[in-house]
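Spelled out, the chains give:
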Amino acid sequence: MDTRESKTAQEEHQHIKEVRMPEDFEHPEPDAGQPEARRPAKGWHWLLLATAVLAGGFMVYRLLSALWA
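In this text, all values refer to a predicted model and were calculated from it rather than measured experimentally. (Residues numbered from 1 in each chain as written. Predicted model: local features only at pLDDT ≥ 70, side-chain atom pairs only at ≥ 80, totals over all residues. Heavy atoms only, no water.)

Draft legend 1. Structural context of the overall build of the protein chain. Along the protein chain, the regular secondary structure elements total 3 helices and 0 strands. Starting at the N terminus and ending at the C terminus, the protein chain contains elements arranged as α-α-α. Split into buried and exposed, the 69 residues of the protein chain put 0% on the buried side. (Helix = DSSP H or I, 4+ residues; strand = E, 2+ residues; numbered from the N terminus. Buried < 20%, exposed > 50% of the residue type's maximum accessible area, 1.4 Å probe, protein only.)

As structure tokens, then:
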């Protein structure tokens, strides 16, 4: 890993060229260096959503029952 603070003019120019390259819309597949982008979601977000809805419903029930009692 290069930990130098400053770059030569040529290195800086190469870096600018790499950063400014347009996105490849013809091949939108994730890079090989991004295995997490290829993995499908495991479904944990549904469990989290269901838990949040149940907790919210329980809180509303407790609030309404306390107001009517």
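After presenting the structure, the write-up continues.
Draft legend 2. Highlighting a nonpolar patch on the surface. A surface patch of nonpolar side chains, about 590 Å² in accessible area, is lined by Val60, Leu63, Leu64, Leu67 and Trp68. With respect to the element layout, Leu63 can be found in helix α3 (residues 44-68). Judged by relative accessible area, which is 53%, Leu63 ranks as exposed. (Patch = residues over 30% accessible without salt bridge, like charges linked within 9 Å, V, L, I, M, F, W, Y side chains within 5 Å. Areas by Shrake-Rupley, 256 points an atom, 1.4 Å probe, with all protein chains shown as cover. Salt bridge = Lys/Arg side-chain N within 4 Å of Asp/Glu carboxyl O.)

Draft legend 3. View of the confidence of the model for the protein chain. Of all residues in the protein chain, 71% attain a pLDDT of 70 or more, and the chain-wide mean is 80. Between the elements of the protein chain, mean pLDDT differs from a low of 65, seen in helix α2 (residues 35-38), to a high of 94, seen in α3. (pLDDT = per-residue confidence, 0-100.)

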